[in-house]
Amino acid sequence: MKKIEIYIISALLLGAVWLTLAGKIEKNDKELCPYKLISQAVQIENKITVDDLAKKLMTKDPSIVLIDVRSADEFKKFSLSGAINIPLEKLLADDNLPIINQEVNNNIFYSNGSDKAAKAWLICNRLGYKNNFYLSGGLNSWIKDIIKATPPEETASKEDFELYNSRKAASIFFGGGTVGESNNSSAAPAAASSKPLRKKESAGGGCN
Amino acid sequence: MPSDATYELNPKAALAYAITDSNIISPELLASLIYAQDPKANYQFVDLRNPQDYDNEHVDGAINIPLSKIVNINNCNVLLDKNKIYIFYAATSDQAIIAGNVIRQVGIKNFLVSKGDFNYIKNNILDAYKINSANYDSEKPAYDYAKVIAESSGPNVSSASRSSTAPVSAVPKTKKKESAGGGCN
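Residues numbered from 1 in each chain as written. Chains lettered and ligands numbered in written order. Predicted model: local features only at pLDDT ≥ 70, side-chain atom pairs only at ≥ 80, totals over all residues.

What should I look at first to understand the sheet that holds strand β4 (residues 85–89) of chain B in this one?
All names here are of chain B. Reading across from one edge, β1-β5-β4-β2-β3 is the order of the five strands in this open sheet, with parallel pairing throughout. With partners counted over all chains shown, the strands left at the sheet margins are β1 (24–25) and β3 (63–64), one partner each. Direction of pairing for β1 relative to strand β5 (residues 111–114): parallel, over a ladder of two bridges. Residue pairing across strands places isoleucine 24 opposite valine 113, the latter belonging to β5. (Pairing = 2+ DSSP bridges. Helix = DSSP H or I, 4+ residues; strand = E, 2+ residues; numbered from the N terminus.)

Okay, here's the thing in structure tokens:
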């Protein structure tokens, strides 16, 4: 009887040791507990508005890396300038880890709305990865609020008009807009060609 | 710290769950649950917004658990009754989805997540159920993005080619390319 007990106890001990070791291998000490994860998720700073994104892209903020989490098909049809494509399904693929687990750049996830990008953000933040953000409203908001910016009512506040003016400027920057209409001299082509060049540079910066 | 022991799903499993969109219910089903008003039904609406917004207006019978309080600080437990089916909605759809994903990661399964945020529910279900109310998905592209971008560069291109002749005709071409290139093709 005693021998059996000793066997059982040693087997249990071995099991416990194995479990802790196996646990350690799986363990990521940066991983956030559920409470901390939720505490982070409610911070407004996790989200970037389309207006802030437009400003950052126009000033060629070199820290920005745009990550499009939609499918490869959707990415091919349209994506933001300089974005890289990591479909949500492939977020944790080994190839992508150096991109999502880093402390140098500011990663901005985006999708058509906010939901898919938020999921990518959530997984990255649970793993304790730094500098992750997601685009509030996604491409739908980008097009509606920036590219197709509509003037406010005449009775709107000064702030609304200022917002509209900056959106209109961004719309011209990103979409081409109506720059050419005011410049009918030979300066127009020069101005027009210098802009896209800058865009190209920022695209390169984002992809690296 | 009682940290990682409290997750039922490891990160890869959590991602696999996030992709499926299970537990997310359509506005149509949501409307039927709101209008059913069966007192015996075990459905419990949970309003994840802050108390002020909740006090202002909420779905009938909803309880208020602000998103920040959904997970207990001491034990990471989620105080939900196993015999009920909770239906989450929030100020924005991504917040409700974050709540659903986190509580599924800790092992809770008896919940549903509304696809629409509170404003959507209010405007399209509570105030008036419209013919398009069921047709909602915030991840659905609201535009043909590439087309919109091409069109918004359009006037520029035509006005430029009107203004001068030879050199300009080359410009619109590169311009068009750029705006497409702006999409990182």
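Could you clarify how one ought to interpret the packing of helix α1 (residues 11–20) of chain B against helix α4 (residues 93–105) of chain B in this entry?
Packed helix pairs are specified by the crossing angle of their axes together with the interaxial distance, meaning the distance between the axes. Residues and elements named next belong to chain B. With their axes 10 Å apart at the nearest point, α1 and α4 run at an angle of 140 degrees to one another. The orientation of α1 relative to α4 falls into the category oblique. When the axes of α1 and α4 are compared, the crossing they make is right-handed. Judged by residue contacts, Ala14, Tyr17 and Ala18 of α1 engage Asn101, Arg104 and Gln105 from α4. (Axes fitted to C-alpha atoms, helices over the stretch in contact; angles between N-to-C directions. Parallel < 35°, antiparallel > 145°, perpendicular 65-115°, else oblique. Left-handed = near helix turned anticlockwise from the far one by under 90°. Contact = placed C-beta atoms within 7 Å.)

Help me understand the packing of helix α2 (residues 34–41) of chain A against α4(B) in this model?
Packing of α2(A) against α4(B) brings their axes to within 11 Å, and their N-to-C directions diverge by 175 degrees. Judged on the interaxial angle alone, α4(B) and α2(A) are roughly antiparallel. In this structure, α2(A) uses Pro34(A), Leu37(A), Ile38(A) and Ala41(A) to contact α4(B), whose residues at the interface are Ile98(B), Val102(B) and Gln105(B).

How should I be thinking about the nonpolar core in this particular structure?
A general trend in soluble globular proteins is that nonpolar side chains are found buried together. Ile108(A), Phe88(B) and Ala99(B) are the most contacted members of the largest nonpolar core, which has 76 residues in total. Per-element tally for this core: the top contributor is helix α6 (residues 115–126) of chain A, with seven residues. In this structure Ala99(B) touches Leu48(B), Leu67(B), Ile70(B), Phe88(B) and Ala90(B), once residues within four positions along its chain are discounted. (Core = buried A, V, L, I, M, F, W, Y, C linked by C-beta atoms within 7 Å. Buried ≥ 20, exposed ≤ 12 C-beta atoms within 10 Å, placed from the backbone.)

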